[in-house]
Amino acid sequence: MSGRSDGCGRLEGKVAIITGAGRGIGEATARAFHREGARVVIAEIDAATGAAVAASLSPEGSSARFLPCDVRSADSVEAVASATLAAFGRIDVLVNNAGINVFHDPLETSEAEWRRCFDIDLDGVWRMSRAVLPAMLDQGHGAIVNIASTHSFSIIPGCFPYPVAKHGLLGLTRALGIEYAARGLRVNAIAPGYIETQIAIDYWNGFPDPEAEKRRAYELHPQKRIGKPDEIAMTALFLASDEAPFLNAACIVVDGGRSVLYHE
Ligand code: NAP
């Protein structure tokens, strides 16, 4: 059992890297994993938030560390993998969480905006995965959890090219999951619906009446609310743990049922 407060040791002994863990879903995931006994690496581009999350979990750095990480850079993600191995000796779990919203009308999407989106939301996931795969394959086990989106299979007009990248992320999840299944790896995705993080707040703030846009978002959902970061973190915890040994190349939708709701 984990000695950490409130946890049950569901990730005891495991080492997990979580990208974009300085805030939002990534932060909630890092906190949940740490509570459950994992040693966690906060791999974050924002040094202030990343260092603060790590320090709040483990001031002396023995069970949580901030490592600067920009998933747009192969050198940066390689450095994260190497430093994790140097600090903790293994990499059992990678949560590819870092992501950005890039929302445009297709014909108004510049080349630069297309590239900015793919560089982080799809290429960044592959880059970070490629950096940890050799260690996981050497160990003969590992779990990768990709934070996709309900945009991975549905389209909302005006949100281009984010769903294109997130559709690709499902393909990457399936390809890696099948490729390495016989060598002890599991690769799965979570498709969150609308989750109340800074990304959502920034989106509402882009409307003339942000409060009205927030209320509209709540009303779209069968439960008349949107999701919480912890609700994604708990699903990531399940997928990362030994409780899901036969779940591979799969995607769990966490959207309160919104994508099933029939619109008359
Ligand atoms: P968030 O609050 O914006 O957190 C994302 C974190 O990733 C931030 O700390 C951000 O740092 C960091 N980051 C950005 N670019 C990075 C890079 N190049 N390398 C490393 N880290 C980087 O977002 P969130 O809402 O928690 O979303 C997390 C994931 O869930 C994303 O993949 C998103 O697409 C997905 N998702 C979110 C929702 C939702 O409704 N919130 C729904 C479906 C899917 P900065 O703050 O410095 O940018």
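Residues numbered from 1 in each chain as written. Predicted model: local features only at pLDDT ≥ 70, side-chain atom pairs only at ≥ 80, totals over all residues. Heavy atoms only, no water.

Draft legend 1. Summary view of the domain arrangement of the protein chain. Assigned domains of the protein chain: these are domain 1 (15–192 + 228–254) and domain 2 (196–226). Summed over both sides, the interface of domain 1 with domain 2 buries roughly 600 Å², with 57% coming from carbon and sulfur. The largest share of the area that domain 1 buries against domain 2 comes from Arg23, Asn101 and Lys228, three residues that together contribute 51% of it. Counting across the domain 1 and domain 2 interface gives 1 salt bridge. Put simply, domain 1 and domain 2 have 1 residue pair in polar contact (both at pLDDT 80 or more) between them. (Domains from an automatic or database assignment. Buried area = accessible area lost by both parts, 1.4 Å probe. Salt bridge = Lys/Arg side-chain N within 4 Å of Asp/Glu carboxyl O. Polar contact = N/O pair within 3.5 Å; in protein donor to acceptor, adjacent residues only side chain to side chain.)

Draft legend 2. Up close: the packing of helix 4 (residues 111–121) against helix 5 (residues 123–139). Interaxial distance between helix 4 and helix 5 falls to 3 Å at its minimum, and their mutual angle equals 30 degrees. Comparing the axis directions of helix 4 and helix 5 gives the class roughly parallel. When helix 4 is examined against helix 5, the residues Phe118, Asp119, Ile120 and Asp121 are found in contact with a partner set consisting of Asp123, Gly124, Val125 and Arg127. Taken together, the residues of the contact of helix 4 with helix 5 break down into 3 nonpolar, 1 polar and 4 charged. (Axes fitted to C-alpha atoms, helices over the stretch in contact; angles between N-to-C directions. Helix = DSSP H or I, 4+ residues; strand = E, 2+ residues; numbered from the N terminus. Parallel < 35°, antiparallel > 145°, perpendicular 65-115°, else oblique. Contact = heavy atoms within 4.5 Å. Nonpolar A, V, L, I, M, F, W, Y, C, P; charged D, E, K, R; others polar.)

Draft legend 3. Fine view of the nonpolar core. Membership of the largest hydrophobic core comes to 37 residues, with the highest contact counts inside it found for Ile17, Val80, Met128 and Val132. It is helix 5 that contributes the most residues to this core, 8 residues altogether. In this structure, Ile17 is in contact with Val41, Ala43, Val80, Thr84, Ile91, Val93, Leu94, Val95, Met128 and Val132, ignoring residues within four places of it in sequence. Of all hydrophobic cores here, the second largest spans 26 residues; its members include Ala16, Ala21, Phe33 and Val40. (Core = buried A, V, L, I, M, F, W, Y, C linked by side-chain atoms within 4.5 Å. Buried < 20%, exposed > 50% of the residue type's maximum accessible area, 1.4 Å probe, protein only.)

Draft legend 4. Spotlight on the pattern of salt bridges. Summed over the entire model, instances satisfying the criterion amount to 12 salt bridges. Between Glu113 and Arg116 there is a salt bridge, and its shortest N-O distance comes to 2.7 Å. With a gap of 3 residues between them, Glu113 and Arg116 both fall in helix 4, about one helical turn apart. The class for Glu113 is buried, based on a relative accessible area of 19%. Arg116 gets classed as partly exposed once you look at its relative accessible area, which sits at 38%. Salt-bridge contacts for Glu231 lead to Arg225; the nearest nitrogen and oxygen are separated by 2.9 Å.

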